[in-house]
Amino acid sequence: MRFRGLFLFVMLLSLCTVSTLFAKTRIRCASTTSTQNSGLFEYLLPIVEKDTGIKVDVVAVGTGAALEIGKRGDADVVFVHAKDDELKMVREGYFVDRHDVMYNDFVIVGPPGDPADIKGMKKAVNAFRKLSTEKVIFVSRGDNSGTYKKELKIWKIAHIDPKGRKWYLEVGQGMGKTLRIANEKKAYTLTDRGTWLALQDKEHLDMVIMVQGDKMLFNQYGVMAVNPLKHKYVKYKEALRFINFLISPKGQKTIAGFTESHGEQLFHPDAK
Amino acid sequence: MYGILISFEKAFELILSLNRELAGIVVLSLLVSGAAIVIASLLGIVFSYVLAFRRFPFKGFLTNLLNTSMGLPPVVVGLFLYLLLSRNGPLGFMGLLYTPSAMVIAQIILAFPIIAAMSHAAIVMVKPNIRLAALGLGATDIQASVAVIRDARYGIISSVMAGLGRVMAEVGAVLIVGGNIAGYTRVMTTTIALEYDKGNFELAIALGIILLLISLFLNAALFLFQRKVYR
């Protein structure tokens, strides 16, 4: 028993050693669940590794947590979608070399019957105002994610404080779970198009897109390196190589080539 | 109901076509939990013995603390360990966060109280005259303790089984300190949580079935071992 245990332990130690041997070209990227759940990384990272020789380990959490992990120096690079927060933290000196990489958009979805009658509205803010006055449920991420931040921004512009209202459910879960809850409750919610398409494809939610195409619903993704002056052990050079690949013509073309199973493009490259 | 049946069917297909990625996840789960259980067992059994036979201050309090820690929520352990191991934390210089080693540490913390407390209960049940007899026959202190632990082995092995069950089923702590990195710190439970998020229920169920089968196998092996040593 003990020998078998010892064997396992030695195996584990050697596993750790082997992984540190390769650690030279390994960087850690804090990113968001929506990016991971769309399948983008599984498609993109092998190409990155082939092109730059860098293996990127992705820790996928909410945008709030990803930024915090980067700030603390527990990642080398951060790939999120909360441009205002990102720029603020660059100004505060936590991150450097921030670049726009790609965008997709948010959509407001709801039950096909559309009890709040918002379908086809042009402005997300107006749709939110209408939702708050009709007797319908709105499911919110409530988790500090980029999607949640966008939602709060829309409520703010609409001069509505939804917190604590009976029709407003803060579920504190990822996008997929939030959509599922909205589906079960015949409620409305704000979602990124990537997760919406992926989930709709697999689970056939009984929901449809209500509002889309508003500039307000634009979802910009950015990448930035942890400031090596703040945390001297971060792999800044390698992080920069990863960033440079993402914003290079080849990287941009690769991102544009990523589609969901029906061939719809999920992310639109827009690096300058 | 029909959907569930379909899920199970697809799950078995996936198990039969066990691919490399899936196999890697299973192997990592076993390595992490195996290492954690071996270390936690050694620490836990020694600790329970000391608790049973040595006199020291605050012993009652310590026993209470140990029993309470059996119910430590994994997420809390994960968060606490995250703050310790983070680059900004006191142990950050070791660079352990988001490595399999961090996951092993988390699981040791979760398994140790269970193994120590249950072993303690088993050792206390051993009649004190065994130790006295051993000492009287000229055994050294260590030899006497081995005699006691041998007598309590049935309960001790049960404690190891309970500890193993806890760490194999746990998701909260390894998710936080391991980060669920593909091909590096992704284990069965964190994969199940991720695949559920992605809406791949079939894959999640398949992994759940594999996890249960492995637990069944490990427990059967320990049970046979337990019966063997009891005779």
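All values reported here derive from a predicted model rather than from experimental measurement.

Topic: a nonpolar patch on the surface
Residue and element names in this part refer to chain B. On the surface, Ile-4, Phe-8 and Phe-12 cluster together into a nonpolar patch covering about 280 Å² of accessible area. The topology assignment puts Phe-8 in helix α1 (residues 2–16). The class for Phe-8 is partly exposed, based on a relative accessible area of 36%.

Observations regarding the pairing of strand β9 (residues 218–226) of chain A
Residue and element names in this part refer to chain A. The buried fraction of β9 amounts to 8 of the 9 residues, a majority that puts the element mostly inside the structure. Pairing of strand β3 (residues 77–80) with β9 involves 4 bridges; the strand directions are antiparallel. The partner of Val-80 across the bridge, within β9, is Gly-222. Taken together, the 8 bridges between strand β4 (residues 95–110) and β9 define a ladder with antiparallel strand orientation. For Asp-105, the partnering residue across the bridge sits in β9 and is Phe-218.

Focus: the environment of Leu-205 of chain A
All names here are of chain A. Among the secondary structure elements, Leu-205 is positioned in the loop between α9 (193–203) and β8 (208–211). The class of Leu-205 is buried, set by a relative accessible area of 6%. When the C-alpha positions of Leu-205 and Val-101 are compared, they lie 30 Å apart, and in sequence the two are 104 residues distant. If we skip the residues at most four places from it in the chain, Leu-205 touches Leu-179, Asn-183, Trp-196, Leu-199 and Gln-200.

Some details on the packing of helix α2 (residues 20–53) of chain B against helix α5 (residues 100–125) of chain B
All names here are of chain B. It is the contact of α2 with α5, at a shortest axis distance of 6 Å, that shows an interaxial angle of 40 degrees. Considering only the axes of α2 and α5, their crossing is right-handed. Grouping the amino acids of the contact of α2 with α5 by side-chain chemistry returns 24 nonpolar, 7 polar and no charged.

Here's the deal with the packing of aromatic side chains
Any two aromatic rings considered together are summarised by their centre-to-centre distance and by the angle between their planes. Residue and element names in this part refer to chain A. Scanning the entire structure with this criterion turns up 15 aromatic pairs over all chains. Relative to Phe-267, the ring of Tyr-221 lies with its centre 5.4 Å away and its plane at 90 degrees, an arrangement referred to as edge-to-face. In this pair, Tyr-221 sits in strand β9 while Phe-267 sits in the loop between α11 (249–256) and β10 (268–269), placing the two residues 46 residues apart along the sequence. Three or more aromatic residues joined by ring pairs make a cluster, and in this case those are Phe-41, Tyr-43, Phe-79, Tyr-221, Phe-258 and Phe-267.

Remarks on the pairing of β3 of chain A
All names here are of chain A. Side chains Val-77 and Phe-79 project from β3 onto one buried face, and the interleaved Val-78 and Val-80 project onto a second face that is buried too. In terms of strand pairing, strand β1 (residues 26–32) meets β3 through 3 bridges, oriented parallel. Among the inter-strand pairings, Ala-30 is bridged to a residue of β3, identified as Val-78.

Some words on empty space enclosed by the protein
Applying the stated rule across the entire model yields 2 cavities of 30 Å³ or more. Empty space within the largest cavity amounts to approximately 70 Å³. Lining the largest cavity, in full, are Ser-29, Val-32, Ser-33, Gln-107, Val-167, Met-168, Glu-170, Val-174, Val-187, Met-188, Thr-189 and Leu-211 of chain B. For the lining of the largest cavity, the secondary structure elements donating two or more residues are α2, α8 (153–169) and α10 (188–198) of chain B. Here the residues of the lining of the largest cavity are counted per class, giving 7 nonpolar, 4 polar and 1 charged. Taken together, Asn-37, Gly-176, Thr-195, Ala-198 and Leu-199 of chain A together with Asp-197 and Lys-198 of chain B form the lining of the second largest cavity. Of the residues forming the lining of the second largest cavity, the biggest block, 3 residues, is contributed by α9 of chain A. Among the residues forming the lining of the second largest cavity, the class breakdown is 2 nonpolar, 3 polar and 2 charged.

The rules behind the values
- Residues numbered from 1 in each chain as written.
- Chains lettered and ligands numbered in written order.
- Predicted model: local features only at pLDDT ≥ 70, side-chain atom pairs only at ≥ 80, totals over all residues.
- Heavy atoms only, no water.
- Patch = residues over 30% accessible without salt bridge, like charges linked within 9 Å, V, L, I, M, F, W, Y side chains within 5 Å.
- Areas by Shrake-Rupley, 256 points an atom, 1.4 Å probe, with all protein chains shown as cover.
- Salt bridge = Lys/Arg side-chain N within 4 Å of Asp/Glu carboxyl O.
- Helix = DSSP H or I, 4+ residues; strand = E, 2+ residues; numbered from the N terminus.
- Buried < 20%, exposed > 50% of the residue type's maximum accessible area, 1.4 Å probe, protein only.
- Pairing = 2+ DSSP bridges.
- Contact = heavy atoms within 4.5 Å.
- Axes fitted to C-alpha atoms, helices over the stretch in contact; angles between N-to-C directions.
- Left-handed = near helix turned anticlockwise from the far one by under 90°.
- Nonpolar A, V, L, I, M, F, W, Y, C, P; charged D, E, K, R; others polar.
- Phe/Tyr/Trp six-rings, centres within 6.5 Å; stacked < 30°, edge-to-face > 60°.
- 1 Å grid on protein atoms, 1.4 Å probe; cavity = no way out; pocket = protein on both sides within 12 Å on 5 of 7 lines; lining within 4 Å.
- Points joined across faces, edges and corners; volume = space filled by probe spheres on them.

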